[in-house]
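# A closer look at the structure
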Amino acid sequence: MLTVTTADVFGLHRTHLIGVAYRLTGSLADAEDAVQEAWPRFAKAEGVQDARGWLTTVVSRICLDRLRSAAVRRETYVGSWLPEPLLTTGEKDDPLESVVRSDGVRMAALVVLDRLTPDQRVAFVLHDAFSLPFTEIAEVLQVSEASARQHASRARKAVADAEPPPRAALAEQQEVLEKFLRAMANGDLDAVLSLLHPDAVMIGDGGGKVRTAVQTVTGADKVARFFLGLIRKYGFPEEHRPVFVNGELGFTMPAYGDVTARVTLFTVHEGKVVAVYDIANPDKLTHVAF
């Protein structure tokens, strides 16, 4: 007869907890740390009837503390802040595949979540994404149930006002990305413009440590000229590898010349690139194999 240990139970819920923590913090490193921090608490706990619910609550509390600290740190962050990219293989046996399956972990969605207060983000994610009751969310936030509901309501309105377009089919993403990269490699401004949405944006995150766009580049013409200007100066990156980043297509690019390693991903909608995210801050790429 098999004996189910505490470690077995914890392992059963680990991927779910990583998904919760990553959605809350936007940081894979913070997510893994929060889950690891929850383990000794779970190991010592007695009489836990609902392990998944208990662990979700504990991990959420840890993430809330990290979110509040991060909010203070970001006041001095140089340039735009983007979540750490979550790379997966696209294969069913990838343990993180179930995490990126949700639209809520797309880069565009996480960028919207980052505009919320820590309490709003926790209340919204736990209720709307993971169906936790407000009684438990209130316990995490250490507020009344009415206040927890209010946090979630305000977050829901903010998210609805800035909700990104739905995830494009993989075939559409592949087609648009291949055309976009080919147009850039050829230095074809008109072709690049034809693949960009008129209101396209490019957001770079170098953390003040490496070069990328410090301010958001807005509008198809400015985005196209920004990219083509980089290619004229540094050349087209020959060594770029297609990858799944937060469930959408992007590519990793190792360092070459004066250009540092980075992960770049795209949001595609109706055959056009609507957003480009360039993550170059080396602190956010420690888990990426180039």
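Just above sits the structure.
Since the model is a prediction, treat every value here as computed from it, not as a measurement.

As a further point, take the sheet that holds strand β1 (residues 87-88). The seven strands lie next to each other as β1-β4-β5-β6-β7-β2-β3, forming an open sheet whose pairing is mixed. Whereas interior strands pair on both sides, the edge strands pair on one side only; in this sheet they are β1 and β3 (217-218). Against the sheet, helix α9 (residues 170-185) engages β2 (196-205), β4 (241-245), β5 (248-253), β6 (262-269) and β7 (272-279), with an angle of about 40° to β5.

Moving on: the environment of A43. With respect to the helices, strands and loops of the structure, A43 is situated in helix α2 (residues 28-44). Its relative accessible area of 40% is what places A43 among the partly exposed residues. On a C-alpha basis, the gap between A43 and A71 in space is 31 Å, while along the polypeptide they are 28 residues apart.

This part is about the packing of helix α6 (residues 118-129) against helix α8 (residues 145-161). As a packed pair, α6 and α8 sit with axes 8 Å apart at the nearest point and diverge in direction by 90°. The angle between α6 and α8 falls in the class roughly perpendicular. When α6 is examined against α8, the residues D119, Q120, A123, F124, H127 and D128 are found in contact with a partner set consisting of A148, H151, A152, R154, A155, R156 and V159. Residue composition of the contact of α6 with α8, grouped by class: six nonpolar, three polar and four charged.

This brings us to the side chain of D205. By secondary structure assignment, the location of D205 is in strand β2. We classify D205 as buried; its relative accessible area is 0%. A distance of 2.8 Å separates a polar side-chain atom of D205 from the backbone nitrogen of L82. Here G207 takes part through its backbone nitrogen, which lies 3.2 Å from a polar atom of the side chain of D205. If we ignore the near neighbours within four places in the chain, the residues touching D205 are Y77, S80, W81, L82, T212, D278, I279, A280, N281 and K284.

Further remarks concern the nonpolar core. Counting 45 residues, the largest nonpolar core has V122 and I137 as the members making the most contacts within it. Among the secondary structure elements, those contributing two or more residues to this core are α1 (6-25), α2, α3 (51-73), α4 (97-100), α5 (107-113), α6, α7 (134-141) and α8. Broken down by element, the residue count for this core peaks at eight residues, all from α3. Once residues within four sequence positions are removed from consideration, I137 is found in contact with A123, L126, H127, L132 and A148.

The subject of this paragraph is the packing of aromatic side chains. Evaluation of the coordinates by the stated rule reveals seven aromatic pairs. Their ring planes at 35° and their centres at 6.2 Å tell us that F10 and F42 sit as a pair that is tilted. Of this pair, F10 sits in helix α1 while F42 sits in helix α2, placing them 32 residues apart in sequence. In terms of burial, F10 and F42 fall into one category: buried. The interplanar angle of 85° and the centroid separation of 6.1 Å between the aromatic rings of F180 and F227 together place this pair among those described as edge-to-face. Of this pair, F180 sits in helix α9 while F227 sits in helix α11 (residues 220-234); the two residues are 47 residues apart in sequence, bridging distant segments of the chain. Of the two residues, F180 and F227, both sit in the buried class.

On the secondary structure map, H13 appears in helix α1. Of the residues examined, H13 reaches a relative accessible area of 11% and is grouped as buried. For H13 and G257, which are 244 residues apart along the polypeptide, the C-alpha to C-alpha distance reads 44 Å. Apart from residues lying up to four places away in sequence, H13 is in contact with A51, R52 and L55.

In this section: the packing of α2 against α3. Two numbers describe how α2 lies on α3: the axes approach to 9 Å, and their chain directions differ by 130°. Accordingly, the angle class assigned to the pair α2 and α3 is oblique. Of the two possible hands of crossing, α2 and α3 adopt the one that is right-handed. Residue-level contacts link D30, D33, A34, V35, E37, A38, R41 and F42 of α2 to A51, W54, L55, V58, V59, I62, C63 and R66 of α3.

Rules of the game
- Counting restarts for each chain: residues are numbered from 1 in the order of the written sequence.
- With pLDDT at 70 or above as the cut-off, local features in this predicted model cover only qualifying residues; side-chain atom pairs require 80 or more to be listed or tallied, and sums for whole chains, interfaces and linings still use all residues.
- Hydrogens are left out, water is left out, and the side-chain values use all remaining heavy atoms of the structure.
- Following DSSP output, two strands are said to pair if at least two bridges run between them.
- The helix count covers DSSP runs of H or I at least four residues long, the strand count covers runs of E at least two residues long, and both are numbered beginning at the N terminus.
- The contact criterion used is simple: two residues touch if any of their non-hydrogen atoms lie within 4.5 Å.
- In this analysis an axis means a line fitted to C-alpha atoms, helices contributing only their contacting stretch, and an angle means the value between N-to-C directions, from 0 to 180 degrees.
- Three labels apply to residues, based on accessible area from a 1.4 Å probe with only protein chains included: buried if under 20% of the type maximum, exposed if over 50%, partly exposed otherwise in between.
- Here the angle decides the label: under 35 degrees means roughly parallel, over 145 means roughly antiparallel, 65 to 115 means roughly perpendicular, and every other value means oblique.
- Amino acid classes used here: Ala, Val, Leu, Ile, Met, Phe, Trp, Tyr, Cys and Pro are nonpolar; Asp, Glu, Lys and Arg are charged; the rest, including Gly, are polar.
- Between N or O atoms, a polar contact is any pair within 3.5 Å; within protein, one atom must be a potential hydrogen donor and the other a potential acceptor, and residues adjacent in sequence are included only when both atoms are from side chains.
- Working definition of a nonpolar core: buried Ala, Val, Leu, Ile, Met, Phe, Trp, Tyr and Cys residues. They are joined through side-chain atoms within 4.5 Å.
- Between 30 and 60 degrees the pair is tilted, below 30 it is stacked and above 60 it is edge-to-face, where a pair is any two Phe, Tyr or Trp rings, Trp via its six-membered ring, whose centres lie within 6.5 Å.
- Left-handed describes a crossing in which the near helix is turned anticlockwise from the far one by less than a right angle; the clockwise case is right-handed.

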